[in-house]
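Each chain, written out:
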Amino acid sequence: TQVGCRMGCTFCASTVGGLVRNLTAGEIVDQVIMMQKCLPPGQRISSVVLMGSGEPMENYDNVLKAIRLMHDPAGLNIGYRHITLSTSGLVPGIRRLADENLPITLAVSLHAPNNELRSQLMPVNRLFPLEQVIDAAREYAEKTGRRVTYEYLLIQGVNDQREHALELASLLKGSLAHVNLIPLNPVAERPQYRRPSREHVVQFRNWLEE
């Protein structure tokens with residue numbers, strides 16, 4: 001949704017060069033059209049996730065216009081329920097989206113179960129702390145009836161211990177929620193972060209499910 005990003009998440013490649021500019025609605029939709037052209041005849045793009053590069057909520061008007069164009073039968077005819085918008089946790093944008101009455105899926109990049117750790121990984125948490133983000137996401141679920149996806153990047157030795165799983169479970173207990181565990185993809189500019197083993201990822205999932 002943007003060329004680059006200014007969110008500054010310390011594990012992310014998209015933000016290394018900062019923000020260049022917002023994409024237009026046409027440029028956002030054109031990415032889907034170009035991918036459609038790469039598919040074999042008879043196949044079509046049936047779902048879309050708006051997730052980095054960039055923070056969709058910082059380009060809100062163009063993103064919403066693009067979503068409506070993708071959904072329109074005269075456009076790409078993709079059902080709203082097959083469109084996901086991911087945010088690093090811009091609370092005003094989440095609340096505004098909840099009032100749009102669009103049954104799209106909201107995904108929240110959480111990546112840590114407490115404010116201290118999340119602020120280290122994601123500077124945006126200093127502006128919108130974890131409690132505000134979770135509260136806005138719960139409001140979104142209540143207004144739309146849609147289950148919220150919480151994205152949790154697993155970084156070896158940083159946020160992947162049993163106590164983190166317990167904190168995360170406690171944080172989301174009682175929510176209409178789905179946790180998407182994502183093992184870190186190494187970034188050359190971020191050598192301090194490492195991907196946990198597959199066995200440890202499975203162990204973290206088991207702790208969370210328990």
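The structure under discussion appears in the preceding block.
Now for a look at the structure at hand. (Residues numbered from 1 in each chain as written. Predicted model: local features only at pLDDT ≥ 70, side-chain atom pairs only at ≥ 80, totals over all residues. Heavy atoms only, no water.)

**Here we look at the environment of Pro-40**
- With respect to the helices and strands, Pro-40 occurs in the loop between helix H1 (25-38) and strand E3 (48-50).
- The class for Pro-40 is partly exposed, based on a relative accessible area of 41%.
- Measuring from C-alpha to C-alpha, the distance between Pro-40 and Ser-175 comes to 40 Å, with 135 residues separating the pair along the chain. (Helix = DSSP H or I, 4+ residues; strand = E, 2+ residues; numbered from the N terminus. Buried < 20%, exposed > 50% of the residue type's maximum accessible area, 1.4 Å probe, protein only.)

**So, the pairing of strand E5 (residues 105-109)**
- A large share of E5 lies buried, amounting to five of its five residues.
- Taking every second residue as pointing to the same face, both faces of E5 are buried, with Thr-105, Ala-107 and Ser-109 on one and Leu-106 and Val-108 on the other.
- Note that strand E4 (residues 83-87) and E5 share four bridges and pair parallel. Opposite Leu-85, over in E5, you have Leu-106 as the bridge partner.
- Taken together, the three bridges between E5 and strand E6 (residues 148-154) define a ladder with parallel strand orientation. Residue pairing for E6: Val-108 is matched across the bridge by Tyr-150. (Pairing = 2+ DSSP bridges.)

**Points about the sheet that holds E4**
- If you walk across this open sheet you meet the five strands as E3-E4-E5-E6-E7, and the pairing is parallel. Looking at the sheet topology across the chains shown, the edges are occupied by E3 and strand E7 (177-183). Between one strand and the next, the sheet's axes are offset by a mean angle of 25°, whatever the strand orientation.
- Packed on one face of the sheet, helix H5 (residues 130-144) meets E5 and E6 and runs near 145° to E6. (Axes fitted to C-alpha atoms, helices over the stretch in contact; angles between N-to-C directions. Contact = heavy atoms within 4.5 Å.)

**Things to note about the packing of aromatic side chains**
- For the structure shown, the criterion picks out two aromatic pairs.
- Here the aromatic rings of Tyr-152 and Phe-204 are separated by 5.4 Å at their centres, their planes lie at 20°, and the arrangement is stacked. With Tyr-152 in strand E6 and Phe-204 in helix H7 (residues 198-209), this pair connects stretches of sequence that are 52 residues apart. Each member of the pair Tyr-152 and Phe-204 is classed as buried.
- A centroid spacing of 6.4 Å and a plane angle of 70° characterise the contact between Phe-204 and Trp-207, whose relative ring orientation is edge-to-face. One end of the pair, Phe-204, and the other, Trp-207, are both in helix H7, three residues apart, so they sit about a helical turn from each other. (Phe/Tyr/Trp six-rings, centres within 6.5 Å; stacked < 30°, edge-to-face > 60°.)

**Quick look at unusual backbone geometry**
- With an omega of 15°, the peptide bond between Gly-52 and Ser-53 qualifies as cis.
- Among the structural elements, Ser-53 can be located in the loop between E3 and helix H2 (60-71).
- Despite not being glycine, Asn-77 has its phi angle at roughly 55°, a positive value.
- Tracing the backbone shows Asn-77 in the loop between H2 and E4.
- Owing to a relative accessible area of 45%, Asn-77 belongs among the partly exposed residues under this scheme.

**What about H5?**
- The end-to-end C-alpha separation of H5 is 21 Å, in line with the 21 Å expected for 15 residues at 1.5 Å each.
- For H5, every residue scored as buried is listed here: Leu-130, Val-133, Ile-134, Ala-136, Ala-137, Tyr-140, Ala-141 and Thr-144. All buried residues of H5 project into a common sector of 165° when viewed along the axis, lining one side. Exposed residues pointing more than 90 degrees away from the buried face of H5 are listed as Glu-131 and Glu-142.
- On its buried face, H5 sits against helix H3 (91-98), E5, helix H4 (115-121), E6 and helix H6 (162-172). (Expected span 1.5 Å × (residues − 1). Arc of directions from axis to C-beta.)

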